[in-house]
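The chain contents come next:
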Amino acid sequence: MSAAEHHHRIDYLEFNVASIAASKAFYGEAFGWTFQDYGPDYCEFRDGRLTGGFAHEQPTPGGALVVLYSTALEDSLAKVEAAGGRISKPIFSFPGGRRFQFIDPDGYELAVWTAS
């Protein structure tokens with residue numbers, strides 16, 4: 001699938017977890033997921049189709065962080081704001097790309113990332 005075909009589609013899920021080791025043990029045993037550590041506070045998981053991550057942060061009730069992909073991150077941020085979204089984390093860099101997070105009008109937090 002090309003980058004254009006990924007634009008604004010759900011691409012990644014992220015769970016805030018109290019213990020990355022415990023989460024790896026649970027999801028590895030229960031579902032056979034595989035893992036790639038990125039330092040002590042982040043681990044990427046693969047379920048065979050989709051990737052996601054475990055972030056060592058306070059668990060947040062309500063579910064995983066839904067992450068969308070963008071081919072033009074700044075344009076996506078502007079569109080989110082214009083549509084009434086509130087930016088909760090401005091654009092920041094991380095290993096593998098850049099992203100921002102926002103709160104939608106119903107209070108759900110989502111993120112948008114790009115590899116460039």
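Model, not experiment: these values are computed from the prediction.

### Examining the packing of aromatic side chains
Tallied over the entire structure, the rule returns 13 aromatic pairs. Taking 4.8 Å as the distance between ring centres and 85 degrees as the angle between the ring planes, the aromatic pair formed by Phe-26 and Tyr-27 counts as edge-to-face. Looking at Tyr-27, the relative accessible area reads 19%, which means it is buried. Between Trp-33 and Phe-45 the ring centres are 4.3 Å apart and the planes differ by 15 degrees, which places this aromatic pair in the stacked class. Of the two residues, Trp-33 is situated in the loop between helix 2 (20–31) and strand 2 (34–37) and Phe-45 in strand 3 (residues 42–46); the sequence distance between them amounts to 12 residues. Overall, Phe-45 belongs to the buried group, its relative accessible area being 2%.

### Quick word on the pattern of salt bridges
Evaluated as defined, the whole model comprises four salt bridges. When the shortest N-O distance is used, the salt bridge between Arg-99 and Glu-14 registers 2.9 Å. Separated by 85 residues along the polypeptide, Arg-99 in strand 7 (residues 97–103) and Glu-14 in strand 1 (residues 10–17) bring together distant segments of the chain. Here Arg-99 matches Glu-14 in class, with each residue buried. Two residues, Glu-44 and Arg-46, come together in a salt bridge whose shortest N-O distance is 3.1 Å.

### Notes on the nonpolar core
One finds Leu-68, Leu-73, Leu-77, Val-80, Phe-100, Phe-102, Leu-110 and Val-112 forming the largest nonpolar core, which totals eight residues. Ranked by residue count, the leading element in this core is helix 3 (residues 73–82), at three residues. The contact partners of Leu-110, leaving out residues within four places of it in the chain, are Leu-65, Val-66, Phe-100, Gln-101, Phe-102 and Asp-104. Of all hydrophobic cores here, the second largest spans seven residues; its members include Val-17, Ile-20, Cys-43 and Phe-54.

What counts, and at which threshold
Residues numbered from 1 in each chain as written. Predicted model: local features only at pLDDT ≥ 70, side-chain atom pairs only at ≥ 80, totals over all residues. Heavy atoms only, no water. Phe/Tyr/Trp six-rings, centres within 6.5 Å; stacked < 30°, edge-to-face > 60°. Buried < 20%, exposed > 50% of the residue type's maximum accessible area, 1.4 Å probe, protein only. Helix = DSSP H or I, 4+ residues; strand = E, 2+ residues; numbered from the N terminus. Salt bridge = Lys/Arg side-chain N within 4 Å of Asp/Glu carboxyl O. Core = buried A, V, L, I, M, F, W, Y, C linked by side-chain atoms within 4.5 Å. Contact = heavy atoms within 4.5 Å.

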